[in-house]
Amino acid sequence: MATDDSNCKLESFVTHNKKILGAGLNYMDIIKSRNLPIPEEPILFLKPSTSLIQEGQNIIIPKAFSKVAHEVELACVIGKRCKNVSKRSAMQFVGGYCLALDMTAQCSLQVARSKGMPWSLGKGFDTSTPVSRLFTPDEVQDPHKLELWLKVNGNIRQTGNTADMIFKIPDIIEYASRHMTLEPYDIILTGTPGGADPVAPGDIILCGMGDLVEMKFEVKAE
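This structure is a prediction, so every number in the text was calculated from the model and none was measured.

The next point concerns the overall build of the protein chain. The number of helices and strands found in the protein chain is five helices and 15 strands. The C-alpha atoms of the protein chain give a radius of gyration of 16 Å, which matches the 17 Å a tight globule of 222 residues would have. Dimensions of the protein chain along its principal axes, counting C-alpha atoms only, are 45 × 40 × 30 Å. Considering the protein chain as a whole, with its 222 residues, one finds that 53% of them fall into the buried category.

Structure (structure tokens):
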């Protein structure tokens, strides 16, 4: 089910975003390294729009957290309002893509996981979702064949390929739209490959996605 959103200016997705959905444990290398069972369904969490930043802004580590890690990801931006869409039709609701970081307070998530509590605090702090500009579907030949990489202070930390995602974009959209309405400007983070490690104030994060984009952020303390 969809509505006409032809007047949407998706380039301003950061300004108009209402919600961010993240997919957890969505790369096989992470599942194998942690000796975890392969998820039967996407593991989704929500992040607030106040977590979004773009280049020129800094990643700020809150005083409350002792261990914040980088996670480089492909994100898709919803272009049309939809609910209960099928996997087969899901890609027609994708309005574009961006490179994203899902900065994660591992110290908070470790406690939350052990107690069966929500991930919101460790995932949703201010500046925890740096994103690039929007790329149209025409600019991204195949979102499931993109190289992802991340360096900290010039040293490579993460490398991966979106081909290794357990749940592809249509899987995530189908599953998410079964439970909630997706709207224009909504962002879906598709997960990160292995190698997510902590950063410290003063670190410089440089990351990229295929030949499309690189982006740089400095890490600072609150």
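For the rest of this paragraph, the subject is the sheet that holds strand 5 (residues 68-69). Here three strands make up an open sheet; going across it, the order is 8-5-13 and the pairing antiparallel. Because the sheet does not close on itself, it has two edges, and the strands there are strand 8 (104-105) and strand 13 (198-199).

If you walk through the whole model with that rule in mind, you get two aromatic pairs. Ring geometry for phenylalanine 45 versus tryptophan 119: centroids 5.5 Å apart, planes at 40 degrees, classification tilted. On the criterion of sequence distance, the pair formed by phenylalanine 45 in strand 2 (residues 43-47) and tryptophan 119 in the loop between helix 3 (106-115) and helix 4 (120-123) is long-range, its members being 74 residues apart. Residue phenylalanine 45 shares its accessibility class with tryptophan 119, and that shared class is buried. A cation over an aromatic ring shows up here: lysine 80 above the ring of phenylalanine 93, its NZ or CZ 5.3 Å from the ring centre. A cation over a ring is seen here: lysine 151 above tryptophan 149, with NZ or CZ 5.6 Å from the ring centre.

Before going further, it helps to examine the nonpolar core. Counting 48 residues, the largest nonpolar core has Leu101, Ile173 and Ile205 as the members making the most contacts within it. Counting residues per element, the ones that place at least two in this core are strand 1 (20-24), strand 4 (59-61), strand 6 (72-78), strand 7 (94-101), strand 10 (147-152), helix 5 (169-179), strand 14 (204-209) and strand 15 (213-221). Sequence-distant contacts of isoleucine 173, that is, excluding residues within four places in its chain, are made with Ile78, Val85, Ala90, Val94, Leu182 and Ile188. Judged by nonpolar contacts, the second largest core, of 13 residues, contains Leu52, Ala100, Val131 and Ile187.

Turning our attention to unusual backbone geometry. Most of the time, phi is negative for any residue but glycine, and the peptide bond is trans. Unlike most non-glycine residues, asparagine 84 shows phi in positive territory, near 55 degrees. What makes asparagine 84 exposed here is its relative accessible area of 51%. The phi angle at tyrosine 185 is positive, at roughly 85 degrees, despite the residue not being glycine. Residue placement: tyrosine 185 occurs in the loop between helix 5 and strand 12 (187-189). A relative accessible area of 13% means that tyrosine 185 is categorised as buried.

Time to look at helix 5. Within helix 5, eight of the eleven residues are buried, which leaves the element mostly enclosed by the surrounding structure. Among the residues of helix 5, Ile169, Pro170, Asp171, Ile172, Ile173, Tyr175, Ala176 and Ser177 are the ones counted as buried. Looking at the packing, one finds that the buried side of helix 5 touches strand 1, strand 2, strand 6, strand 7 and strand 12.

Here we take up the pairing of strand 10. Every regular strand shows the same layout, with side chains that alternate between the two sheet faces. In terms of strand pairing, strand 10 meets strand 11 (residues 155-161) through six bridges, oriented antiparallel. Residue valine 152 lies in a different strand from strand 11, and its bridge partner there is asparagine 155. In terms of strand pairing, strand 10 meets strand 14 through five bridges, oriented antiparallel. What sits directly across from leucine 150, in strand 14, is cysteine 207.

When their charged atoms lie close together, side chains carrying opposite charge are able to pair. On inspection of all chains with the given rule, the structure shows nine salt bridges. Put simply, lysine 19 and glutamate 183 hold a salt bridge, and the shortest N to O gap is 3.8 Å. Of this pair, lysine 19 sits in the loop between helix 1 (13-16) and strand 1 while glutamate 183 sits in the loop between helix 5 and strand 12, and the two are 164 residues apart along the sequence. Like glutamate 183, lysine 19 is buried. Taking the shortest distance from any N to any O, the salt bridge between arginine 133 and glutamate 139 comes out at 3.2 Å.

Conventions and cut-offs
- Residues numbered from 1 in each chain as written.
- Predicted model: local features only at pLDDT ≥ 70, side-chain atom pairs only at ≥ 80, totals over all residues.
- Heavy atoms only, no water.
- Helix = DSSP H or I, 4+ residues; strand = E, 2+ residues; numbered from the N terminus.
- Rg over C-alpha atoms; globule rule 2.2 N^0.38 Å.
- Buried < 20%, exposed > 50% of the residue type's maximum accessible area, 1.4 Å probe, protein only.
- Pairing = 2+ DSSP bridges.
- Phe/Tyr/Trp six-rings, centres within 6.5 Å; stacked < 30°, edge-to-face > 60°.
- Lys NZ or Arg CZ within 6 Å of the ring centre and 35° of its normal.
- Core = buried A, V, L, I, M, F, W, Y, C linked by side-chain atoms within 4.5 Å.
- Contact = heavy atoms within 4.5 Å.
- Salt bridge = Lys/Arg side-chain N within 4 Å of Asp/Glu carboxyl O.

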